[in-house]
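Report on the structure
Residues per chain are reported as follows:
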Amino acid sequence: MNNNTIVLTGGGTAGHVSLNEAIIPELIEKKYNVHYIGSYNGIEKTIIGERFPEIPYHPISNGKLRRYFSLKNLSDPFKVLYGTLQALSVLKKVKPSIVFSKGGFVSVPVVLAAKLSNIPVVIHESDLTPGLANKIASSFAEHIFTVFEETLRHLPDNKASSIGAILRPDLFHGDEKIAEHLTGFDATKETIIIMGGSQGSAKINDVIKQNIEQLTRRFQLIHLCGKGNKEESLVGKPNYIAFEYVTDELPHLMKMSDYVISRAGSNSIFEFLELKKPMLLIPLSIHASRGDQVLNARYFEKKGFAYVLEEENLTATTFMDSINHMVDEKEEMIDRMFEVNSSKTPEQFVELLLTYQK
């Protein structure tokens, strides 16, 4: 094994890539050779390729693992098998001392290949309950780290531990002056940032459009609408600006924002928590997901960090009512947020991760 080489995997959504994205600079700083195994056309290829073009990216085949009947359940196991063979070839070539998996379906062949190659695997699970890919992969892992302590109930107790959220330090170095330059807004006025996830959200985007007059009379709106989702009729509207996708700009936009309207991916909501931003969470519906965002959102609501509006109940009226609830509870939310401090930096996480290498 090469003690200076690590393989990262994870993909399908930005949430399955963001931690990898955060720890890569730390690994490079420690003189590690970093390789990434992902899918052919997943978001992980775009994110890692654009941010770290110097890192070798190895695409493999992968099949979706479904909890319901589908004819594709007959063919996808062969895709997983082929992906495992491809991952075995990569691991044989680069000889890493450890494989780190952030989850998503593409990670399963990689974890299987690492187990067959006798390479230790470490997994990170962000959500309250493990996804199906991580549930399968956990049987082959050396250790599983979780964000929520409650998640440990679903994992083998002899090789799982809760370490809290892992947050990027750059999030805490936003500059309102830079945000003013990016948006043309006044940082002293109340501002809401709206985030629909890496792909955007048609339903959230629609309800913004329906309420745009009422919203912009009171707030400045920073709308992260998703690639290809910018509404041309709203371009140039006072107190409104849309970005399809942001990276380095996000800390500055968050610094200016007083409130957040968002999906309920674990990585994001813990960042909002640490930044002390009152939240209106609109989790991805259980009809479009396994329900992990609903669980995340309800957990944050129970803790008093957020107000939750489920997608099935999202209308122009309920949306505005929910914003009013969030604004009314702003101070109480922030007070409760200051009582919590359980996060780690990517640097601290890398130190933990590397203790499992061979």
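Summarised in this report is the structure supplied together with it. Note that residues are indexed from 1 along each chain, following the sequence as it is written. Side-chain atom pairs in this predicted model are given and counted only at pLDDT of 80 or more, local residue features only at pLDDT of at least 70, and totals for whole chains, interfaces and linings cover all residues. Note: side-chain values were computed over all heavy atoms of the structure, leaving out hydrogens and water.

1. Topic: unusual backbone geometry
For clarity, the threshold we go by: Segments assigned H or I by DSSP are reported as helices when at least four residues long, segments assigned E as strands when at least two residues long, and all are numbered from the N terminus. Accessible area is worked out with a 1.4 Å probe on protein chains only. A residue is then buried under 20% of its type maximum, exposed over 50%, and partly exposed in between.
Its identity as a non-glycine residue notwithstanding, Asn118 has a phi of 60°, on the positive side. Summarising the element assignment, Asn118 is placed in the loop between helix 4 (107–116) and strand 5 (121–125). For Asn118, a relative accessible area of 51% gives the class exposed. In this structure, Asn239 is a non-glycine residue whose phi angle is positive, near 65°. By the secondary structure assignment, Asn239 is in the loop between strand 9 (220–224) and strand 10 (240–243).

2. Topic: the packing of helix 12 (residues 316–328) against helix 13 (residues 330–337)
Each packed pair of helices is defined by two parameters, the angle between the axes and the distance between the axes. Condition: Angular values range over 0 to 180 degrees, each being the angle between N-to-C directions of two axes fitted as lines to C-alpha atoms, with helices fitted over their stretch in contact. Any angle that is under 35 degrees is reported as roughly parallel, and any over 145 degrees as roughly antiparallel; angles of 65 to 115 degrees are reported as roughly perpendicular and all others as oblique. Two residues form a contact once any of their heavy atoms are found within 4.5 Å. Residues were grouped as follows: Ala, Val, Leu, Ile, Met, Phe, Trp, Tyr, Cys and Pro as nonpolar; Asp, Glu, Lys and Arg as charged; and all remaining residues, including Gly, as polar.
At a minimum axis distance of 4 Å, the contact between helix 12 and helix 13 shows a crossing angle of 60°. Here helix 12 is positioned oblique relative to helix 13, judged by the angle of their axes. Between helix 12 and helix 13, the residues in contact are Met326, Val327 and Asp328 and Lys330, Glu332 and Met333, respectively. Tallied by class, residues from the contact of helix 12 with helix 13 come to three nonpolar, no polar and three charged.

3. Here's the deal with the pattern of salt bridges
Selection criterion: Think of a salt bridge as a Lys or Arg side-chain nitrogen and an Asp or Glu carboxyl oxygen that are within 4 Å of each other.
Throughout the structure, instances matching the rule amount to 11 salt bridges. Measuring nitrogen to oxygen at the nearest pair gives 2.5 Å for the salt bridge that ties Glu351 to Lys30. One end of the pair, Glu351, is in helix 14 (residues 346–354); the other, Lys30, is in the loop between helix 1 (18–29) and strand 2 (33–39), with 321 residues separating them in the sequence. For Glu351, a relative accessible area of 42% corresponds to the partly exposed category. One salt bridge connects Lys237 with Glu213, and the closest N-O pair in it is separated by 2.9 Å. Pair noted here: Lys237 is in the loop between strand 9 and strand 10 and Glu213 is in helix 8 (residues 212–218), with a separation of 24 residues, a long-range link. Accessibility expressed as a relative area gives 45% for Glu213, which makes it partly exposed. Here the salt bridges share partners, and the residues they tie into one network are Lys203, Arg263 and Glu311.

4. Considering the packing of aromatic side chains
We apply this condition: Two rings from Phe, Tyr or Trp (for Trp, the six-membered ring) form a pair when their centres are within 6.5 Å of each other. A pair whose planes differ by under 30 degrees is stacked, one over 60 is edge-to-face, and the rest are tilted. A ring is considered to have a charge above it if a Lys NZ or an Arg CZ atom is located within 6 Å of its centre and within 35 degrees of its normal.
Tallied over the entire structure, the rule returns 10 aromatic pairs. When the ring of Phe300 is compared with that of Phe305, the centres are 5.4 Å apart and the planes differ by 80°; the resulting orientation is edge-to-face. Judged by relative accessible area, Phe300 falls into the buried class, the value being 0%. An aromatic cluster is defined as three or more aromatic residues linked by ring pairs; in this entry it consists of Phe148, Phe270, Tyr299, Phe300 and Phe305. Lying across the ring of Tyr245, Lys227 places its NZ or CZ 5.6 Å from the centre. Here Lys276 stacks its cationic end above the ring of Phe338, 5.0 Å away from the centre of that ring.

5. Brief notes about the packing of helix 1 against helix 14
The N-to-C vectors of helix 1 and helix 14 enclose an angle of 80°; their axes lie 9 Å apart at closest approach. Comparing their axes, helix 14 and helix 1 come out roughly perpendicular. In this structure, helix 1 contributes Leu19, Ala22, Ile23, Glu26 and Leu27 to the contact, and helix 14 contributes Pro346, Glu347, Phe349, Val350, Leu353 and Leu354.

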